[in-house]
Amino acid sequence: MEHHNHDIVIVGGGAAGLRAAIAAVELQPKMDVAVVSKVYPMRSHTVSAEGGMAAVTREYDNFDSHAYDTIKGSDFLADQDSVEFFVKEAPRESYQLEHWGCPFSRDPDGRISSRAFGGMSVKRTLFATDKIGFHLLHTLFQTSLKYENIHRYDEWFVTSLLVDKDRVEGVTAIEMRTGELVTILGKAVIIATGGCGRIFQFTTNGWIKTGDGMALAYRAGVPLKDMEMVQYHPTLLPNTGILITEAARGEGGHLLNKDGERFLKRYVPGKMELGPRDILSRAEMSEINAGRGFDGPYGSYVNLDLTHLGEITIEDKLPFVKELAEKYLGIDPAHEPIPVRPGQHYMMGGVHTDMHGFTGMPGLYAAGEAACVTMNGANRLGSNSLTECLVFGAAAGRAAAQSAMKEISPSFGNPVQGEAMMEEKRIFDQLLKHEQGERISGIRTEMQNEMEKDVGIYRDENSLKEACRIVGALKTRLKNGIVEDKDHVYNTELVSALELDFMLDVAETIPYSAVLRHESRGAHFRTEYTKRDDAHFLKHSMAYKTAGPPRIDYSPVMITRWKPEERVY
Amino acid sequence: MSQEIATIRVTRYRPEKDSQPFFQEYKVPYRHDMVVLDALNYIKAELDGSLTYRWSCRMGVCGSCGANIDGEPKLTCASFLHEFKDRTITVEPMSHFPVIKDLVVDMEDFMEKLVKIKPWIIRKKDSLVEEGEYRQSSKELDRYQQFSSCINCMLCYAACPIYGLNEKFLGPAATALAYRYIEDSRDQGKDIRFPIVHEIEGVWECTLVGECSVVCPKGVDPMLAIQRTKILGATNAIKSILMPRGGR
Amino acid sequence: MKMETHKVAKLHAILWGIFSLGGMIAAFLLPVMIYMTAIAYPFGLWPFSRENPACPSCLTLVRDPSLLVTGHLLGALFVFVTIAGSLFHGIFRFQSALTEVGLLKYRRALEAVGYFIIFVGIIVLAYYLIAWYLNGTIT
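Residues numbered from 1 in each chain as written. Chains lettered and ligands numbered in written order. Predicted model: local features only at pLDDT ≥ 70, side-chain atom pairs only at ≥ 80, totals over all residues. Heavy atoms only, no water.

**Things to note about the overall build of chain A**
When helices and strands are tallied, chain A shows 15 helices and 22 strands. Scaling as 2.2 N^0.38, a compact globule of 569 residues should have a C-alpha radius of gyration of about 25 Å, and chain A matches this with 22 Å. The dimensions of chain A, computed from C-alpha atoms along their principal axes, are 65 × 55 × 50 Å. Residues counted as buried form 69% of the 569 residues belonging to chain A. Accessible surface, chain A as shown: approximately 17,400 Å² in total, 51% of it carbon and sulfur. Counting 64 positive and 79 negative side-chain charges, chain A places the averaged centre of each group 2 Å from the other. (Helix = DSSP H or I, 4+ residues; strand = E, 2+ residues; numbered from the N terminus. Rg over C-alpha atoms; globule rule 2.2 N^0.38 Å. Buried < 20%, exposed > 50% of the residue type's maximum accessible area, 1.4 Å probe, protein only. Areas by Shrake-Rupley, 256 points an atom, 1.4 Å probe, with all protein chains shown as cover. Lys, Arg positive; Asp, Glu negative; His and termini not counted. Charge placed at Lys NZ, Arg CZ, Asp CG, Glu CD.)

**Remarks on the side chain of Ser 74 of chain A**
Residues and elements named next belong to chain A. Relative to the helices and strands, Ser 74 is located in the loop between helix H2 (63-73) and helix H3 (80-99). At 3.1 Å, the side chain of Ser 74 and the backbone nitrogen of Ala 78 are in polar contact. Setting aside residues up to four positions removed in sequence, Ser 74 forms contacts with Asn 376, Gly 377, Ala 378 and Asn 379. (Polar contact = N/O pair within 3.5 Å; in protein donor to acceptor, adjacent residues only side chain to side chain. Contact = heavy atoms within 4.5 Å.)

**Considerations on the packing of aromatic side chains**
Scanning the model with the defined rule gives 22 aromatic pairs over all chains in all. Ring geometry for Phe 157 of chain A and Phe 502 of chain A: centres 6.0 Å apart, planes at 35 degrees, overall tilted. Of this pair, Phe 157 of chain A sits in strand E7 (residues 156-164) while Phe 502 of chain A sits in helix H14 (residues 492-516), and the two are 345 residues apart along the sequence. Considering the side-chain rings of Tyr 157 of chain B and Tyr 163 of chain B, the 4.9 Å spacing of their centres and the 85 degrees angle between planes classify their relative orientation as edge-to-face. The same class applies to Tyr 157 of chain B as to Tyr 163 of chain B, namely buried. Members of the aromatic cluster, joined through ring pairs, are Phe 19, Phe 88, Phe 92, Tyr 115 and Phe 119 of chain C. It is Arg 9 of chain B that lies over the ring of Phe 23 of chain B; its NZ or CZ is 4.2 Å from the centre. (Phe/Tyr/Trp six-rings, centres within 6.5 Å; stacked < 30°, edge-to-face > 60°. Lys NZ or Arg CZ within 6 Å of the ring centre and 35° of its normal.)

**As for the nonpolar core**
In terms of nonpolar packing, the biggest core is built from 172 residues, with Ile 8 and Ile 338 of chain A touching the most fellow members. Core analysis: the second largest hydrophobic core is formed by 74 residues, Ile 184, Leu 432, Ile 440 and Ala 467 of chain A among them. (Core = buried A, V, L, I, M, F, W, Y, C linked by side-chain atoms within 4.5 Å.)

**So, the sheet that holds strand E4 (residues 114-115) of chain A**
Residue and element names in this part refer to chain A. Read across the open sheet, the three strands follow the order E3-E5-E4; overall the sheet is antiparallel. Strands at the two margins of the open sheet, each flanked by one partner only, are strand E3 (53-54) and E4. As paired elements, E4 and strand E5 (residues 125-126) share two bridges and run antiparallel to each other. Pairing of Ser 114 across the sheet is with Leu 126, part of E5. (Pairing = 2+ DSSP bridges.)

**Some details on the sheet that holds strand E3 (residues 66-69) of chain B**
Residue and element names in this part refer to chain B. Spatially, E2-E1-E5-E3-E4 is the arrangement adopted by the five strands of the open sheet, whose pairing is mixed. Since the sheet does not close on itself, it has two edges, and those belong to strand E2 (22-29) and strand E4 (72-75), each with one partner. For this sheet the average axis-to-axis angle between neighbouring strands, irrespective of direction, equals 35 degrees. With eight bridges connecting them, strand E1 (residues 5-12) and E2 associate as antiparallel partners. Within the sheet, the bridge partner assigned to Ile 8 lies in E2 and is Tyr 26. Here helix H1 (residues 36-47) sits on the sheet in contact with E1, E2, E3 and strand E5 (88-92), set at roughly 95 degrees to E2. (Axes fitted to C-alpha atoms, helices over the stretch in contact; angles between N-to-C directions.)

**Focus: the domain arrangement of chain B**
How big an interface is tends to be stated in terms of the accessible area lost upon association of its parts. All names here are of chain B. In terms of domain boundaries, chain B breaks down into domain 1 (5-105) and domain 2 (108-242). Between the C-alpha centres of domain 1 and domain 2 there is a distance of 30 Å. If you look at the interface, domain 1 gives 15 residues, while domain 2 gives 15 residues. Taken over both partners, the interface formed by domain 1 and domain 2 buries close to 1,100 Å², and the fraction arising from carbon and sulfur atoms is 71%. Its largest share of buried area at the contact with domain 2, domain 1 owes to Pro 73, His 96 and Phe 97, together 49% of the area lost on that side. If you look at where domain 1 meets domain 2, you find zero salt bridges. Seen at the junction of domain 1 and domain 2, the total is four residue pairs in polar contact (both at pLDDT 80 or more). For the side of domain 1 that touches domain 2, the secondary-structure elements that each account for two or more residues are E3 and E4. Of the residues in the side of domain 1 that touches domain 2, the class split is eight nonpolar, six polar and one charged. (Domains from an automatic or database assignment. Buried area = accessible area lost by both parts, 1.4 Å probe. Salt bridge = Lys/Arg side-chain N within 4 Å of Asp/Glu carboxyl O. Nonpolar A, V, L, I, M, F, W, Y, C, P; charged D, E, K, R; others polar.)

**Description of the pattern of salt bridges**
All names here are of chain A. According to the stated counting rule, one finds 73 salt bridges over all chains in the structure shown. The partner of Asp 429 in a salt bridge is Lys 433, and the shortest N-O contact between them spans 3.6 Å. Linked by salt bridges that have partners in common, Asp 75, Glu 228, Asp 278, Arg 282, Arg 517, Glu 519, Arg 521, Arg 532, Asp 534 and Arg 567 make up one network.

**Regarding the domain arrangement of chain A**
All names here are of chain A. Its domain assignment divides chain A into domain 1 (3-230 + 346-406), domain 2 (238-343) and domain 3 (416-556). For domain 1 versus domain 2, the distance between C-alpha centres works out to 29 Å. Taken together, the contact pairs 22 residues of domain 1 with 27 residues of domain 2. Buried area between domain 1 and domain 2, both sides added, is near 1,900 Å², and the carbon and sulfur share of it is 56%. On the domain 1 side of the interface with domain 2, the three residues burying the most area are Glu 50, Asp 130 and Phe 202, jointly 34% of the side's total. Applying the counting criterion to the domain 1 and domain 2 interface returns one salt bridge. Among the salt bridges present, the one from Arg 115 reaches Glu 251, with a minimum N-O distance of 2.8 Å. Across the domain 1-domain 2 interface, the total number found is 10 residue pairs in polar contact (both at pLDDT 80 or more). Here the residues of the side of domain 1 that touches domain 2 sort into six nonpolar, 11 polar and five charged.

**Points about helix H12 (residues 440-454) of chain A**
With 15 residues, H12 of chain A should cover 21 Å at 1.5 Å per step; its first-to-last C-alpha distance of 21 Å lies within 8% of that length. Of all the positions in H12 of chain A, only Ile 440, Ser 441, Ile 443, Arg 444, Met 447, Gln 448, Glu 450, Met 451 and Asp 454 of chain A are classed as buried. (Expected span 1.5 Å × (residues − 1).)

**A closer look at the pairing of E3 of chain B**
Residue and element names in this part refer to chain B. Side chains Gly 66 and Asn 68 project from E3 onto one buried face, and the interleaved Ala 67 and Ile 69 project onto a second face that is buried too. With four bridges joining them, E3 and E4 adopt antiparallel strand pairing. Counterpart to Gly 66 in the pairing with E4 is Leu 75. Hairpin connection from E3 to E4: two residues lie between these consecutive antiparallel strands, with Asp 70 at a positive phi of about 45 degrees. Here E3 pairs with E5 via two bridges, running antiparallel. Bridge assignment links Ile 69 to a residue of E5, and that residue is Val 91.

**As for the interface of chain A and chain B**
In this assembly, 65 residues from chain A lie in contact with 68 residues from chain B. Summed over both partners, the interface of chain A with chain B comes to about 5,600 Å²; 51% of that surface belongs to carbon and sulfur atoms. On the chain A side of the contact with chain B, Arg 43, His 99 and Gln 142 of chain A bury the most area, a combined 13% of that side's loss. Viewed at the interface, chain B and chain A are joined by nine salt bridges. Notably, a salt bridge pairs Glu 133 of chain B with Arg 111 of chain A, separated by 3.5 Å at the nearest N-O pair.

Structure, rendered in structure tokens:
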């Protein structure tokens, strides 16, 4: 079997992965870094982020304010030491990105413009019109091309972590172009594969967001933390789930019900459209359930009204919103409101790490949405996630580089060689050889519908238990799933089957974690326990892989200076 | 009401089986708000799991899903079925690229071109991050902003007849990106980048066909970037003759 | 970083400059020239004038189009730029057309022949114009 050797192997080529790669080679120019991504890095889902990235850059702002907003937004489930580290690093990372060429929108004095965002008490969200994710990703990717020691494995799909005596020594990956399974060894592995939105039916996430990295770490024995914390964004296009950025509200857009009323006055009177996402999404559902939504072919919705902003503001500040509304709905947002409904957007939970991206398992790091540091707690504030990718991507890159400097290169002998052979057998001799069985796309659709139905914005004991049961059953069914495409070259169906296998593992942790949290906190809302319960649940859930269903354990929340208080906006 | 149907003819080519590409026809249930990508996804999920194509964001920004649709290079996620006559649509891989499988093309040549133009900020001396951002006016931003909007979907290469004839031609997107850095007030790398774009197979191969700018799904005008880069090349060449000892 | 060498196509850049600028100027001048020689002169329109008994003092700029060249240095330049600019634009565009229709194989050869003809033409033109200007007659 072909094998490659590097100092650091980064799985994922989005914002966190690329930032980690650059951080590693900047710390130690001789560091040999591999970026392994199942898509060309500029296709990574970072590209779809729209609104902006938060950082304290203004005289009127300060770190404590950003930290407090983030912690309050998290419903006090964030680890406050991580948040403090995050807010202090955020400006530095933003300026670094600007120095690398990100085409930020500018104020008249030439500084980076900032806009209002949900849950942020001042304007601190830096932006590049409404395409910050796209620009950030391309800036990082193009900058990464400068470093000869960053080696890319584009369109290589990582299937497993190679572990020797509890130490991660590399990965196995399918080179999609040839269809061969290859091992890529490294002294450290960083997981930066992003979220897993595609386990839900209605999501803003792209096709590639299948939680691969979360599953890789989980299978290797690292816990997935706070997986019940799933963010539902309030403004998705009802048919496709395409995201309409929060910046539309940051720039002054209104949410209206069927009666033309700004209904948020009943839910977040102090913040209105700039309230946090969890509360806004529930507010929309309350309106819809009370019969004050509009009925459409893709379910009930409310309106996002930008007509009062005027064509110029929309053109200058929200050109992508305009493009999306025109292209996918055939409406001009300057003259007509945009129909929206809430849907899955982001995973607060993920691979457990400390604030340097270390997972606790020697040699394994994680950053970005795949990781749970945790700074987002039970609800992430809009525009914190891109900054998070940069701050913790860089931190993980540096930490991995420092650890790699001390380690010797793993060799391609046992046990990793044996593990790789097993993996080859699992994929090519078993999965690909099945001739009789069920099409995987059906299993995937059932998982997505089940997660949507029972692990959505409102949850209760019955729905969650049902989800546990169904996802478990789907896992069994997948064992008999068939891949029709038997070719080796660029077999996307095989990759989809492996992705579904990852997704089911990750999906299972969500209802299992959620069912035990007998409280409502942030994005996790239990209809039978509608209040937050700090006495019992001010703690992180930790899902561990076992031979059976996940085992849920808990770890304490780090409180530094902000005592939990009632969360009122 | 009977279900309306759309007919999708897709190029199939599986190198392990087929010596030649061929068309395969699929019937998919039609909805008015359906894009070509939805039809492909329907085929893959319900009819034929082996159909192979790239996609991800389904909102016109990741750049994965380009194909020749009824002969025109387009993003499959941004082409509605109702735009096509008779609801019969032919989907082929983008022209001018080697095909790996079905609709998946080899993009290594483009990736090499991307690296070649050094798409990063080049400074004589980097400023410290602690000093804050480089100041840039909105006017300075305007000079390069549209050229920074390229999503690398490569439709412009599929549309460019010159690239089809000579793959060494630097081509539209790479030049637009080079020009994006040339025009960025923060960049000081003109002396390094000019020789790259002003090679004979840099901008000079372009004969101003202009299809690149027509097919761009993001409103980038690569032809304009190429023309402006040519003007810079011509003035530099004349200057270097009039002022041989460094008149830049 | 590896050292890379790039050969700047300086000659091509200059040729392109002439093509672009020369072509544009020629496109403006050509209608003027056609107007003068094919319309204004035969029909006696401005700036030419047949004898006008009613108005002996009417301003007559030129009586004969050949004076365009022999009358003034600027006139000679006008003729030169119009003809040379058009020819050059033509050959350069011809070369592009060869590329577009895919005759790459023959391009270099055709290009060389084309440029040779055009340059010879331009030199001959310059020679005659200079001689004409200096002597007032075609030698």
